[in-house]
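If you want the building blocks of each chain, they are given just below.
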Amino acid sequence: MNGVSQIFIRKLVSAVMVCVLVMLIYFIEEQTGFVFIIGMYLFPILLIYGVPVSILSDFVTKKLRGLFRGSIALFIHLFLAALFVMIPILFSEWERELIISDTSSLFDNFFFITSLLSSFLFYFSDEFLRSKLAKYLHQKILLSGRAKALCEKIGEMRI
């Protein structure tokens, strides 16, 4: 059970990181309050759809190694993210007419771009958290006396 909970926590941390990164990217592009609305809608989608897709990707690629595993996992993330946006578009009449008349309109679609960006960042943040560098940094932070003292102070706080 310990391994399963660590995987789930890693996926949740990846979801939070991706939500913040996507919000920062859109904030850099345009400094409006719309960024918070994006984050408000993106985070639940990442929890409900992105985390299971990432777990599925890990399950499918668990026996593969190296660059091949990484490329297959990235393909699964991107394909299922594109599918998440494509299925509602294909079932709506007005969007279907736009796609048939102009195939480039799909790639101009805000939701499609956000979906691909989020899945791309989710894959790379999850891979980073799996890496030896992240594990090393985690151990360094946990073992440092300053971080331990800060955690103890936070634990002693009462509301």
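Residues numbered from 1 in each chain as written. Predicted model: local features only at pLDDT ≥ 70, side-chain atom pairs only at ≥ 80, totals over all residues. Heavy atoms only, no water.

Draft legend 1. Layout of the overall build of the protein chain. Assigned secondary structure in the protein chain consists of seven helices and zero strands. Listing every helix and strand of the protein chain by position from the N terminus yields α-α-α-α-α-α-α. By residue count, 31% of the 159 residues in the protein chain fall in the buried class. Nonlocal contacts in the protein chain, meaning residues at least 24 apart in sequence, comprise 69% of its contacts between residues at least 6 apart. (Helix = DSSP H or I, 4+ residues; strand = E, 2+ residues; numbered from the N terminus. Buried < 20%, exposed > 50% of the residue type's maximum accessible area, 1.4 Å probe, protein only. Contact = heavy atoms within 4.5 Å.)

Draft legend 2. Up close: the nonpolar core. Counting residues in hydrophobic clusters, the biggest one holds 13 residues, and the most contacted among them are Ala15, Val18, Val22, Tyr26, Leu46 and Phe122. Secondary structure elements with two or more residues in this core: helix H1 (2-29), helix H2 (34-60) and helix H5 (110-130). Other than its neighbours up to four places away in sequence, Leu46 contacts Ala15, Val18, Cys19, Val51, Ser118 and Phe122. Among the nonpolar cores identified, the runner-up in size contains five residues, and Val85, Met86, Ile89 and Phe112 belong to it. (Core = buried A, V, L, I, M, F, W, Y, C linked by side-chain atoms within 4.5 Å.)

Draft legend 3. View of the environment of Glu127. Along the chain, Glu127 falls in helix H5. Measuring from C-alpha to C-alpha, the distance between Glu127 and Gly70 comes to 8.5 Å, with 57 residues separating the pair along the chain.

Draft legend 4. Looking closely at the packing of helix H3 (residues 66-91) against H5. Their axes nearest at 9 Å, the elements H3 and H5 cross at an angle of 150 degrees. Between H3 and H5, the angle is such that the two are roughly antiparallel. Handedness of the crossing formed by H3 with H5: right-handed. Along its contact with H3, which presents Arg69, Gly70, Ser71, Ala73, Leu74, His77, Leu78, Ala81, Ala82, Val85 and Met86, the element H5 presents Phe111, Phe112, Ser115, Leu116, Ser119, Phe120, Phe122, Tyr123, Glu127 and Arg130. Considering only residue class, the contact of H3 with H5 consists of 13 nonpolar, five polar and three charged. (Axes fitted to C-alpha atoms, helices over the stretch in contact; angles between N-to-C directions. Parallel < 35°, antiparallel > 145°, perpendicular 65-115°, else oblique. Left-handed = near helix turned anticlockwise from the far one by under 90°. Nonpolar A, V, L, I, M, F, W, Y, C, P; charged D, E, K, R; others polar.)

Draft legend 5. Inspection of the side chain of Ser125 at higher detail. Along the chain, Ser125 turns up in helix H5. Taking the relative accessible area as the measure of exposure, Ser125 reaches 5% and is therefore buried. Discounting chain neighbours no more than four positions away, the residues touching Ser125 are Ser14, Met17 and Val18.

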